[in-house]
Amino acid sequence: MNHVELQLTGDGSHTLFNTQLNETYHSHKGALAESRYVFIHAGMDAKLEHTSELSILEVGFGTGLNALLTMLRFREFSRVQNIRIRYVSIEPFPLSKALIEGLNYKSLLPEDAAPLFDALHDAPWDQDVDVLQGFVLRKVHGQLETYEGIAGSVNLIYFDAFAPNKQADVWALDNFRKCYELMQPDGLLVSYCANGQFKRDLKRAGFSVKPYPGALGKREMTRARKAVD
């Protein structure tokens, strides 16, 4: 990927800059901080208040940061309660090994995060892999538009695609209808994005959307729920 460059963000962690889209993979204010807040705090932690089994669908595997932080949080929870996670992540453009090795996440996180980061990137695509006991990873090389999941199989979605004005096709209403169909009742979708059209389309797809404070000084992020029948 010669159109992707390494950049340092405000909290000292790396992101990548896509020169073709003129867009970074994470907030320039802090890649680690943003992912922790949006996907772990507002997503994973919120769901684990009510269930011990998560089926996560991530739209945009990217650097693997969300998956890594989810694995680390899973390990913390596993010390005090029995939980299980199935983590499916969709990515149309996997990063090269050289780009992955240039990321500094392993040096900023606990030492034992390094083998987990390596394991999730070494895992083959389009196969279930037990990366930890109780944590199954499946990386899907493809697009949400063509992903064939099982209806009602997901209870948490990390929607982490590039911004709507950069990849409009990913943010199409039909994709949110697909997310709604894949999701269990009381499932939760979280995204860094608080775009008005995005929230309106989520509502059109059937989700309930309520304001939620954003990360790193942003006024809002998005949390959307599928109502319990």
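Refer to the structure presented above.
Structural notes, computed from the coordinates. (Residues numbered from 1 in each chain as written. Predicted model: local features only at pLDDT ≥ 70, side-chain atom pairs only at ≥ 80, totals over all residues. Heavy atoms only, no water.)

1. Observations concerning the overall build of the protein
Next, step 1: Looking only at helices and strands, one finds seven helices and 11 strands in the protein.
Next, step 2: Viewed in the frame of its principal axes, the protein has a C-alpha envelope of about 45 × 40 × 35 Å.
Next, step 3: Burial analysis of the protein (229 residues in total) assigns 55% to the buried set.
Next, step 4: Long-range pairs, those at least 24 residues apart, make up 68% of the contacts in the protein with a sequence separation of at least 6.
Next, step 5: Of the roughly 10600 Å² that the protein leaves accessible, carbon and sulfur atoms contribute 48%.
Next, step 6: If you average the places of the 25 positive and of the 28 negative side-chain charges in the protein, the two averages end up 6 Å apart. (Helix = DSSP H or I, 4+ residues; strand = E, 2+ residues; numbered from the N terminus. Buried < 20%, exposed > 50% of the residue type's maximum accessible area, 1.4 Å probe, protein only. Contact = heavy atoms within 4.5 Å. Areas by Shrake-Rupley, 256 points an atom, 1.4 Å probe, with all protein chains shown as cover. Lys, Arg positive; Asp, Glu negative; His and termini not counted. Charge placed at Lys NZ, Arg CZ, Asp CG, Glu CD.)

2. Observations concerning the packing of helix H6 (residues 173-182) against helix H7 (residues 196-205)
Next, step 1: Remark: H6 packs on H7, axes separated minimally by 9 Å, with the N-to-C direction vectors making an angle of 50°. With respect to H7, the element H6 is oriented oblique. Both H6 and H7 take part in a crossing whose hand is right-handed. Across from Leu 173, Phe 176, Arg 177 and Tyr 180 in H6, the residues of H7 making contact are Phe 198, Asp 201, Leu 202, Arg 204 and Ala 205.
Next, step 2: Within the contact of H6 with H7, the residues separate by chemical class into six nonpolar, no polar and three charged. (Axes fitted to C-alpha atoms, helices over the stretch in contact; angles between N-to-C directions. Parallel < 35°, antiparallel > 145°, perpendicular 65-115°, else oblique. Left-handed = near helix turned anticlockwise from the far one by under 90°. Nonpolar A, V, L, I, M, F, W, Y, C, P; charged D, E, K, R; others polar.)

3. Focus on the packing of aromatic side chains
Next, step 1: In this structure the tally under the stated criterion is 15 aromatic pairs.
Next, step 2: Measuring from centroid to centroid gives 5.1 Å for Phe 39 and Tyr 158, while their planes differ by 55°, and the two rings are tilted. Of the two residues, Phe 39 sits in helix H1 (residues 31-48) while Tyr 158 sits in strand E8 (residues 154-159), which places them 119 residues apart along the sequence. Comparing Phe 39 with Tyr 158 shows no difference in burial state: the two are buried.
Next, step 3: Seen in terms of ring centroids, Phe 159 and Phe 176 are 5.4 Å apart; in terms of plane orientation they differ by 55°. Their pairing is tilted. With a gap of 17 residues between them, Phe 159 in strand E8 and Phe 176 in helix H6 connect regions that are remote in the sequence.
Next, step 4: The class of Phe 176 is buried, set by a relative accessible area of 0%. (Phe/Tyr/Trp six-rings, centres within 6.5 Å; stacked < 30°, edge-to-face > 60°.)

4. Section: the sheet that holds strand E5 (residues 84-91)
Next, step 1: Strand order in the open sheet made by the eight strands is E6-E7-E5-E4-E8-E9-E11-E10, with mixed pairing throughout. Here the strands that pair on one side only, and so sit at the sheet edges, are strand E6 (128-132) and strand E10 (208-213). With direction set aside, neighbouring strand axes in the sheet form an average angle of 20°.
Next, step 2: As judged from the four bridges shared by strand E4 (residues 53-59) and E8, these two strands associate in the parallel manner. Looking at E8, one finds that Ile 56 is bridged to Leu 156.
Next, step 3: Against the sheet, helix H2 (residues 65-78) contacts E4, E5, E6, strand E7 (135-141) and E8, and its axis sits at roughly 175° relative to E5. (Pairing = 2+ DSSP bridges.)

In short, geometric facts, not functional conclusions.
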